[in-house]
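Given next are the chains, with one letter for each unit.
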Amino acid sequence: MTYRDVYASWKSDPESFWMDAARSIGWVKPPTRALNDARAPLYEWFTDAEVNACWNAVDRHVEAGRGSQIAIIHDSPITHSTKGITYAELRDRVASLAGALRAKGIEKGDRVIIYMPMVPEALEAMLACARLGAIHSVVFGGFAANELAVRIDDATPKAIIAASCGLEPGRVVPYKPLLDAAIELATHKPDFCVILQREQQVAKLVEGRDVAWHSFQYGVEPAECVPVSGDHPAYVLYTSGTTGAPKGVVRPTAGHLVALNWSMQNFFNCGIGDVFWAASDVGWVVGHSYICYGPLIAGCTTIVFEGKPVGTPDAGTFWRVIQNHKVKTFFTAPTAFRAIKREDPNGELIKDYNLKSLKALYLAGERADPDTIMWAQRHLNVPVIDHWWQTETGWPIAGNPLGIEELPVKIGSPSVPMPGYDVQALDEGGHSVAPGTLGAIAIKLPLPPGTLSTLWHAEERFKKAYLSHFPGYYETGDAGYIDEDGYLYIMARTDDVINVAGHRLSTGAMEEVLASHRDVAECAVIGVADQLKGQMPLGFLCLNKGTNRPHEDVVKECVKLVRDQIGPVAAFKLACVVDRLPKTRSGKILRGTMVKIADGEAFKMPATIDDPAILDEIAVALKALGYPAR
Ligand code: COA
Ligand code: AMP
């Protein structure tokens, strides 16, 4: 079958398409129907089924006789170590951890926050929760205590599982003090915390609250897989949204299993025994879908990589991992390739390694620029697949489905929609625009299995943020166009989200932090183009009348404030003081115009601008910071 056939077969009968896909999953009680539209425009999938995600990712493979296959390879160039865990070992480790969690009162539906670096125990913690039907919420290690506290208060976890520390190149990041500070800041308090002690920095445990990863498992009965209903949340994953408060994306279990399994086979062309590597982090959706669940559900070997594309120790690390572990499919963000390209422009280091196992490279998380794609094509000599999706959707909305057929590549386009996604470019009135015309990218409801069903305890916010602007559609927040051949082009965001080194961040959240500085009267944060990271945040600060402190001091304090409140991942390092911000007559800050000035792009003077002279002041301030950089 061609891609066109597969897409058409979904479109003509979505119910049969997803029921067919569901047959590849191991059910406790199989579904009798796929879609449940009783609460439209809120949709659920496979609601009358019973299933367990951990069983499908782990036990099922052991029962099928593949217990001795490696399930997880941990490769850490930072600690100079590599180790493998078989499916049978993984089952035992996860059952033991789940048993210990159960003995301390964790049950189906309880939330458990996981705050861990790239160690296999992070996946084991996720799977142990899934085994019990507990809902995990993984928080990325680069977030500060305050962000963790916000998530603790929203998810109200009964337990938190954390490591004593994470490892960044050249520095140990002590997680435990961040965890303690977050619990102190949060209103909700977990019953207990499980701490994985790492030898690089052993943490002091709080008596009566903290237990050690190994000792709390001593003597407990291993836990069996607990069946959950199809719509039971597998996890909540927080992502940046249109305000400072993160959105808790809810992922129902059955759809998650069916869609990930479908995508592993049809999109990534991977199955039993293949080595699949997504060089991302468990704190992001890529980590959930394609480090943990997807490859394991499909019976692959997955790689947990604790390192960076460059500097651990050099720009050849990726090639070493691909060679040593015989990686078939490699997934990363374009920014990682830009970092490598900068250090090794001619790909000299690639020649030192044997990459014959590699069959395809997948890029996502941000727009893949043509230079990066062509560099990768030239040096790796495999298909380079740009694909587009979001935390909310959990699996690719659009891409080139190698497991079905390899479509012609159009550089700059993440190719075509996957079955399940009817993607449209809409005008302000919600009408589809002509091919090649820029519009808001929206997906006709219902979204397919594996996508979010709602936001955690925030159904109204879910409807308002995604479903209300274009009735009958899910609003992606991206703008772009669709060409005559149905290829998608994703050009920009329509909200305050920026993408820094493949990390999704909210400028609104940064503005909230800056506004809390005692000397700041008003502020704006924009995302400016950056050659390595795609975008970088840049802040404009208007100080309170009468503030006569040196501007450099205020800027320094503001940079520190964002790092302390949001975390190093925000990469907020650039700010300047200005007298006024450019606004429309109704008081809306003209952030888009400021971005254009910073990026050196032509712009039309907004008709509604209150005082055009302010733009000159902004240009002067930007010039002092070296913008436009080109
Ligand atoms: N724990 C603690 N701190 C972290 C962290 C973590 N898990 N991850 C990142 N940080 C810190 C970094 O150390 C850095 O700190 P610094 O300001 O002291 O240097 C800061 O957060 C910013 O990190 P990052 O934006 O990642 O920059 P970098 O200079 O460390 O690395 C790249 C740049 C391009 C090499 C890196 O961003 C990268 O590999 N990106 C790929 C991203 C990715 O996989 N995204 C997932 C979507 S597929
Ligand atoms: P996240 O939820 O962190 O995965 O970020 C999702 C957002 O990243 C999308 O809404 C896009 O703005 C951007 N994005 C992801 N993949 C791509 C891509 N292939 N091309 C362009 N933008 C992308």
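(A) Up close: the sheet that holds strand 27 (residues 488-493). Spatially, 23-24-26-27 is the arrangement adopted by the 4 strands of the open sheet, whose pairing is antiparallel. The sheet is open, and its two borders are formed by strand 23 (423-426) and strand 27, each paired with just one other strand. Taking the axes of each pair of neighbouring strands and ignoring which way they run, one obtains an average angle of 50 degrees across the sheet. Pairing of strand 24 (residues 439-444) with strand 26 (residues 473-482), which is carried by 5 bridges, proceeds in the antiparallel orientation. Each residue of the ladder has a partner; that of Gly439, found in strand 26, is Gly480.

(B) Summary view of the site of ligand 2. Around ligand 2, the surrounding shell holds 14 residues, and the nearest of these are His387, Thr391, Asp478, Arg493 and Arg504. A distance of 2.5 Å is found between an oxygen atom of ligand 2 and a side-chain nitrogen or oxygen belonging to Thr391. With respect to ligand 2, the side chain of Arg504 contributes an N or O atom lying 2.6 Å from an oxygen atom. Broken down by class, the residue content of the shell around ligand 2 amounts to 3 nonpolar, 5 polar and 6 charged.

(C) How the structure looks around the pairing of strand 27. Sheet analysis places strand 26 next to strand 27, joined by 5 bridges and oriented antiparallel. Within strand 27, the position partnered with Gly480 by the bridge is Ile490.

(D) Seen up close, the site of ligand 1. The full set close to ligand 1 counts 24 residues, and Glu168, Arg171, Lys533, Arg563 and Lys573 are the nearest of them. One of the side-chain nitrogen or oxygen atoms of Glu168 is found 2.6 Å away from an oxygen atom of ligand 1. The protein chains hide 83% of the 940 Å² of surface that ligand 1 would expose on its own. Across the shell around ligand 1, the residue classes break down as 12 nonpolar, 6 polar and 6 charged.

(E) Seen up close, the sheet that holds strand 16 (residues 275-278). Overall, mixed pairing links the 7 strands, which are arranged 5-4-17-16-18-19-20 in an open sheet. Single-partner strands in this sheet number two, and they are strand 5 (81-86) and strand 20 (384-386). Geometrically, the sheet is characterised by an average inter-axis angle of 20 degrees between neighbouring strands, direction not taken into account. Of the pairings in the sheet, the one linking strand 4 (residues 70-76) to strand 17 (residues 301-305) comprises 4 bridges and is parallel in character. Following the sheet pairing, Ile72 is matched in strand 17 by Thr302. Contacts from helix 4 (residues 87-103) reach strand 4 and strand 5 within the one sheet, and its direction differs from that of strand 5 by about 85 degrees.

(F) Geometry of the confidence of the model for the protein. When pLDDT is averaged along the protein, the result is 97, and 100% of the positions lie at 70 or above. Strand 29 (residues 503-506) is the least confidently modelled element of the protein, averaging 94 in pLDDT, while helix 5 (residues 120-132) averages 99, the highest of any element.

(G) Broad picture of helix 2 (residues 14-22). Along helix 2, the residues that are buried comprise Phe17, Trp18, Met19, Ala21 and Ala22. Among the structural elements, helix 1 (3-12), strand 2 (44-45) and helix 8 (253-267) are those in contact with the buried residues of helix 2.

(H) The side chain of His74, seen in detail. Looking at where His74 falls in the secondary structure, it is placed in strand 4. A relative accessible area of 7% places His74 in the buried class. Each residue touching His74, except ones within four places of it in the same chain, is listed here: Ser81, Thr82, Lys83, Met118, Val119, Pro120, Val304 and Glu306.

(I) Structural detail: a nonpolar patch on the surface. A grouping of Met374, Val409 and Ile411 is seen on the molecular surface, where their side chains present a nonpolar patch of about 220 Å² in accessible area. Position of Ile411 among the secondary structure elements: in the loop between strand 21 (398-399) and strand 22 (416-417). By relative accessible area, Ile411 is classed as partly exposed at 33%.

(J) Representation of the nonpolar core within the structure. Trp18, Phe46, Leu101, Met116, Leu127 and Tyr290 are the most contacted members of the largest nonpolar core, which totals 120 residues. By residue number, the principal contributor to this core is helix 5, which donates 9 residues. With residues up to four places along the chain from it excluded, the contact list for Trp18 reads Trp10, Ala34, Trp45, Phe46, Val258, Trp262, Trp395, Pro419, Gly420, Pro448 and Pro449. Of all hydrophobic cores here, the second largest spans 73 residues; its members include Ala145, Leu148, Leu574 and Ile618.

Conventions used here
Residues numbered from 1 in each chain as written. Chains lettered and ligands numbered in written order. Predicted model: local features only at pLDDT ≥ 70, side-chain atom pairs only at ≥ 80, totals over all residues. Heavy atoms only, no water. Pairing = 2+ DSSP bridges. Helix = DSSP H or I, 4+ residues; strand = E, 2+ residues; numbered from the N terminus. Axes fitted to C-alpha atoms, helices over the stretch in contact; angles between N-to-C directions. Near = heavy atom within 4 Å. Polar contact = N/O pair within 3.5 Å; in protein donor to acceptor, adjacent residues only side chain to side chain. Nonpolar A, V, L, I, M, F, W, Y, C, P; charged D, E, K, R; others polar. Areas by Shrake-Rupley, 256 points an atom, 1.4 Å probe, with all protein chains shown as cover. Contact = heavy atoms within 4.5 Å. pLDDT = per-residue confidence, 0-100. Buried < 20%, exposed > 50% of the residue type's maximum accessible area, 1.4 Å probe, protein only. Patch = residues over 30% accessible without salt bridge, like charges linked within 9 Å, V, L, I, M, F, W, Y side chains within 5 Å. Salt bridge = Lys/Arg side-chain N within 4 Å of Asp/Glu carboxyl O. Core = buried A, V, L, I, M, F, W, Y, C linked by side-chain atoms within 4.5 Å.

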